Amino acid sequence: MHGLMQDRPLTLPHVFHRAERHFADKTIVTATAAGETTATYAQWAQRVRRLATVLDALGVETGARVASFGWNTQRHLELYFAVPCTARVLHTLNIRLSAEQISYIAGHAEDDVVFVDRSLLPLLWPLAEKLTTVRHFVVMDDGSDAEVPDDPRVHDYETLLERAAPYEGEFHVSDENTAAAMCYTSGTTGNPKGVVYSHRSSVLHSMVALTADSLALSERDTLMPVVPMFHVNAWGLPYAGVFAGSSFVFPGPAMKPEALVTAIERHRVTVTAGVPTIWMGALPLLREHDVSSLRVVVGGGSAIPTALSEGWREAIGVPITQAWGMTETSPLASAATLRSHHDELDAEGLVELRATQGQSVPLVDLRIIDPDTGVEQPWDATSPGELQARGPWIASAYYGDADTDAFTSDGWLRTGDVATMDAHGYVRLVDRTKDLVKSGGEWISSVELENHIMAHPQVEEAAVIAMPDPRWTERPLACVVPAEGARLTAEDIVEHLRERVAKWWLPDEVRFITELPKTSTGKFSKKNLREQLLS
């Protein structure tokens, strides 16, 4: 016996039409080189409809990949909907990758057209001849004075929109499993891999971001995605925010801490999200600005140092909420929001709770597996194992890649993260499998060591890597960036750790450096750190 419900596909056109009809007066603010622009949802929706027919005029076929190479802006949000709502596939290119990686990814995805912010043309145009599948380059003029090439393949975004008639009627994608967007992994080992999101996965992922025990996004919110729109679709926030009818504040290229905190204050932002390095830079500025409008500050991409989250809580009363995920998980898989059983925790217990990556969000299952035995580990908060995930927005394969090592025989994604889980399913990341320090047959968590080191008041940043050792196989090497004006010694760091970790965890060496290398998405790059210090 089947249920007698209407069979309506879960597709992004519904999200668009709902926003167009119900939230026409909500606003989208974008920071540009020439100042801020503001548009209503109604104006944005009309531009989305014009962009849809622009894609037709450019001869972009159904299913073709439409690349974006841009900042977080209203125009980028127009692409987020015009492309998938017309059954094309949005491919957000990472603007911070090397020329070689950009060329590889665009070629592997077979991008047909690229929409590029004018300020980023100096990065992209020198690669034009290597992007052999790209027929058109559409320049979105963001006020930069970068030279626009005189080339028949190059078009002006606003000119195309001005000449285009708006798409009439409703957008329609009949199959909810149609590809909507794609992103590539960071490619820390080997070539980056393509992850393809469906309309169904994008809609379901957005719905969960609206739930109370997730991010609780609503029409009342003003959302500022600091995480780049090329990084896992800005963690799905553009789709979720439009679904909720939230107002948007896009920082554009203004990514300095002062500009971000000022925007939060001026526009009374309620929800924002970014990687830890962003929030580290903003922390010293919080007491100088009125950011009392904030109710949720999301941190992800890597573990949030406890000292950072508690620093935000002490400054404004709002800690950083950890969320966990990856490109392959769309990315929202868990969130460290409080549950009713946490009401009994004291202040120290709450600090410990906020140091976790939280409980899996609805529709996502998580488990931890002993990598040696393949046996699922108990949820006892102490037994570590590889974190694995499954759910309707979890990847099942990579685009154009037969590699199946990342997936188990029973259909779970192998994340490469090592974690423990408590009795309520709260995840605590121990490390990445490749970043664990194996000393004398025992594991040392670089993440935990880093958390403790960064709790030192004179430490700005810290990363721990494994260095070869003839006796113990590996020993921890602590790389520390002192705070400005600090006078630190290696012994100061070791003494700070002595009461916090087991004696055999203490690093054998502490090196002071001026800056930690970062990945294209703002995480600490231990791969580059190892190459710099150990090669």
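Presented here is an overview of the structure given in this document. Nothing here was measured: the structure is a model prediction, and the numbers come from that model.

1. Description of the layout of surface pockets
When its volume is computed, the second largest pocket comes out at roughly 860 Å³. Lining of the second largest pocket is provided by 36 residues; of these, Arg 428, Leu 429, Val 430, Ser 445 and Glu 448 occupy positions nearest its centre. Elements represented by at least two residues in the lining of the second largest pocket include exactly helix H12 (306-316), helix H13 (347-354), strand S18 (385-390), strand S19 (413-421), strand S20 (427-432), strand S22 (442-444) and helix H14 (446-454). The element that contributes the greatest number of residues to the lining of the second largest pocket is H14, accounting for four residues. Residue composition of the lining of the second largest pocket, grouped by class: 17 nonpolar, eleven polar and eight charged. Two domains each put at least three residues into the lining of the second largest pocket: domain 2 (362-432) and domain 3 (437-534).

2. Brief notes about the packing of H14 against helix H15 (residues 490-498)
Remark: H14 packs on H15, axes separated minimally by 10 Å, with the N-to-C direction vectors making an angle of 110 degrees. Here H14 is positioned roughly perpendicular relative to H15, judged by the angle of their axes. Note on element contacts: H15 touches H14 through Ile 493, His 496 and Leu 497, opposite Leu 449, His 452 and Ile 453. The residue inventory of the contact of H14 with H15, partitioned by class, reads four nonpolar, two polar and no charged.

3. Side note on the side chain of Arg 475
With respect to the helices and strands, the residue Arg 475 is situated in strand S24 (residues 473-482). Arg 475 gets classed as buried once you look at its relative accessible area, which sits at 7%. Here the side chain of Arg 475 touches Leu 506 through a polar contact of 2.9 Å, landing on its backbone oxygen. If near-sequence neighbours (up to four positions away) are discounted, Arg 475 is found in contact with Val 437, Ser 439, Ile 444, Ile 465, Ala 466, Met 467, Asp 469, Trp 504, Leu 506 and Asp 508.

4. Regarding the nonpolar core
Counting 141 residues, the largest nonpolar core has Leu 77, Phe 81 and Phe 115 as its most contacted members. Phe 115 has contacts with Leu 51, Leu 55, Val 66, Ala 67, Ser 68, Phe 69, Leu 79, Val 138, Met 140 and Tyr 157, leaving out every residue within four places of it along the chain. Core analysis: the second largest hydrophobic core is formed by 26 residues, Trp 71, Ile 102, Ala 109 and Phe 137 among them.

5. Some details on the sheet that holds strand S7 (residues 154-156)
Think of a sheet as strands paired side by side through backbone hydrogen bonds, with each pair either parallel or antiparallel. Strands sit in the order S7-S6-S5-S3-S4-S8-S9 across an open sheet of seven strands; the sheet is mixed. Edge strands, defined here as strands with exactly one partner in the open sheet, are S7 and strand S9 (194-198). Each adjacent strand pair in this sheet contributes to an overall mean axis angle of 25 degrees, direction not counted. Taken together, the five bridges between strand S3 (residues 65-69) and strand S5 (residues 111-117) define a ladder with parallel strand orientation. For Ala 67, the partnering residue across the bridge sits in S5 and is Val 114.

6. Some points on H13
For H13, the full list of buried residues reads Gly 349, Leu 353 and Arg 354. For H13, the buried positions fall inside an angular range of 135 degrees around the axis, keeping them on one side. Away from its buried face by more than 90 degrees, H13 exposes Ala 347 and Glu 348. Buried residues belonging to H13 abut H12 and strand S14 (320-324).

The rules behind the values
Residues numbered from 1 in each chain as written. Predicted model: local features only at pLDDT ≥ 70, side-chain atom pairs only at ≥ 80, totals over all residues. Heavy atoms only, no water. 1 Å grid on protein atoms, 1.4 Å probe; cavity = no way out; pocket = protein on both sides within 12 Å on 5 of 7 lines; lining within 4 Å. Points joined across faces, edges and corners; volume = space filled by probe spheres on them. Helix = DSSP H or I, 4+ residues; strand = E, 2+ residues; numbered from the N terminus. Nonpolar A, V, L, I, M, F, W, Y, C, P; charged D, E, K, R; others polar. Domains from an automatic or database assignment. Axes fitted to C-alpha atoms, helices over the stretch in contact; angles between N-to-C directions. Parallel < 35°, antiparallel > 145°, perpendicular 65-115°, else oblique. Contact = heavy atoms within 4.5 Å. Buried < 20%, exposed > 50% of the residue type's maximum accessible area, 1.4 Å probe, protein only. Polar contact = N/O pair within 3.5 Å; in protein donor to acceptor, adjacent residues only side chain to side chain. Core = buried A, V, L, I, M, F, W, Y, C linked by side-chain atoms within 4.5 Å. Pairing = 2+ DSSP bridges. Arc of directions from axis to C-beta.

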